[in-house]
Amino acid sequence: DVKVTQSSRYLVKRTGEKVFLECVQDMDHENMFWYRQDPGLGLRLIYFSYDVKMKEKGDIPEGYSVSREKKERFSLILESASTNQTSMYLCASRPSRWGLGEKLFFGSGTQLSVL
Amino acid sequence: QKEVEQDPGPLSVPEGAIVSLNCTYSNSAFQYFMWYRQYSRKGPELLMYTYSSGNKEDGRFTAQVDKSSKYISLFIRDSQPSDSATYLCAMAPLLYGSARQLTFGSGTQLTVLP
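For clarity, every value in this text was computed on a predicted model and none was experimentally measured.

**Student:** Explanation requested: the pattern of salt bridges in the structure shown.
**Tutor:** When the charged atoms of two side chains with opposite charge come close together, those side chains can pair. In total, this model carries eight salt bridges over all chains according to the counting rule given. Between Asp-38 of chain A and Arg-44 of chain A there is a salt bridge, and its shortest N-O distance comes to 2.9 Å. Judged by its relative accessible area of 11%, Asp-38 of chain A is buried. In this structure Arg-44 of chain A comes out as partly exposed when scored by relative accessible area, which is 26%. Note that Arg-60 of chain B and Asp-83 of chain B form a salt bridge whose closest N and O atoms lie 2.8 Å from each other. Note that Arg-60 of chain B is positioned in the loop between strand E6 (54-58) and strand E7 (61-66) and Asp-83 of chain B in the loop between strand E8 (71-76) and strand E9 (85-93), a separation of 23 residues in sequence. A relative accessible area of 25% places Arg-60 of chain B in the partly exposed class. Overlapping salt bridges bring together Asp-28, Glu-30 and Lys-71 of chain A as one network.

**Student:** For this particular structure, what's the right way to read the pairing of strand E7 (residues 64-70) of chain A?
**Tutor:** Successive residues of a regular strand alternate their side chains across the two faces of the sheet. Residues and elements named next belong to chain A. Note: E7 against strand E8 (residues 73-78), five bridges, orientation antiparallel. Paired with Ser-67 across the two strands is Ser-75, which belongs to E8. Once E7 ends, the chain turns through two residues before running back antiparallel as E8.

**Student:** Sorry if this is basic, but what is going on with the state of the cysteines here?
**Tutor:** Cysteine pairs can be linked by a disulfide, which is a covalent bond between their two sulfur atoms. Residue and element names in this part refer to chain A. Applying the stated criterion across every chain yields a total of two disulfides over all chains. There is a disulfide in this structure between Cys-23 and Cys-91, and the S-S distance comes to 1.9 Å. The chirality of the disulfide connecting Cys-23 with Cys-91 is left-handed, given an S-S dihedral of about -75°. Taken as a pair, Cys-23 in strand E3 (residues 19-25) and Cys-91 in strand E9 (residues 87-94) lie far apart in primary sequence, 68 residues in all. Exposure remark for Cys-23: the relative accessible area of 0% places this residue in the buried category.

**Student:** Before we go on, may I ask you to explain the interface of chain B and chain A in this structure?
**Tutor:** In many reports, interface size means the accessible area that the parts give up when they come together. The interface is formed by 22 residues belonging to chain B together with 27 residues belonging to chain A. Overall, the association of chain B and chain A removes approximately 2000 Å² of surface from exposure, summing both partners, and the carbon and sulfur fraction of that is 58%. The largest share of the area that chain B buries against chain A comes from Ala-99, Arg-100 and Phe-104 of chain B, three residues that together contribute 26% of it. Linking chain B to chain A there are zero salt bridges. Applying the counting rule to chain B against chain A returns three residue pairs in polar contact (both at pLDDT 80 or more). At the level of elements, strand E4 (30-38) and strand E5 (45-50) of chain B are the ones that each hand at least two residues to the side of chain B that touches chain A. Sort the elements by how many residues they give to the side of chain B that touches chain A and E4 of chain B lands first, with three residues.

Rules and cut-offs
Residues numbered from 1 in each chain as written. Chains lettered and ligands numbered in written order. Predicted model: local features only at pLDDT ≥ 70, side-chain atom pairs only at ≥ 80, totals over all residues. Heavy atoms only, no water. Salt bridge = Lys/Arg side-chain N within 4 Å of Asp/Glu carboxyl O. Buried < 20%, exposed > 50% of the residue type's maximum accessible area, 1.4 Å probe, protein only. Helix = DSSP H or I, 4+ residues; strand = E, 2+ residues; numbered from the N terminus. Pairing = 2+ DSSP bridges. Disulfide = S-S within 2.5 Å. Contact = heavy atoms within 4.5 Å. Buried area = accessible area lost by both parts, 1.4 Å probe. Polar contact = N/O pair within 3.5 Å; in protein donor to acceptor, adjacent residues only side chain to side chain.

What follows is the structure, given as structure tokens:
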């Protein structure tokens, strides 16, 4: 069974802290993604990666960075957490370049609260 | 104006009811339409996809696309309590080459009461 695992289900951090959200997939997928999910706004793409050490900005990259040192692991970093980054963060992966019928495999999400 | 609009609900129906979930879109380039289902405390999972106008059926689920009206729907027949979830529509150009071209709706929360 395919699996995308996010290291924490819930996180509470203070304003200004550096925050690491970890995601691991066991499907040997090339593509990995970070989304945030907010009520009324849906899923918004933060960053994605097509390969190890490669990254591309999504629609809302400000305040975030990412790291992909190994194929299976994609980390989202909040350099200095702010209250407006309180959100549900979803990691996803995908096996190949885009095409019909291809789907994203999502993790269960990390609910981050920044106080 | 958002490219994809989805009624957030929440929607509450009795078991056995027919459910209609809808999205409208403004981008004519969207040709590939998907529905994801997200259970509470879980990530979304792809439920159905289609890239042509008309209906596509899969068991109790029917995806309908009307490109002339820029309107898509997901129908659930004989709804069950296990269908209780948030349903997200998603769209993209037909041969999209970047994750930035995939756009999600905000999701509709559905509860099916036993």
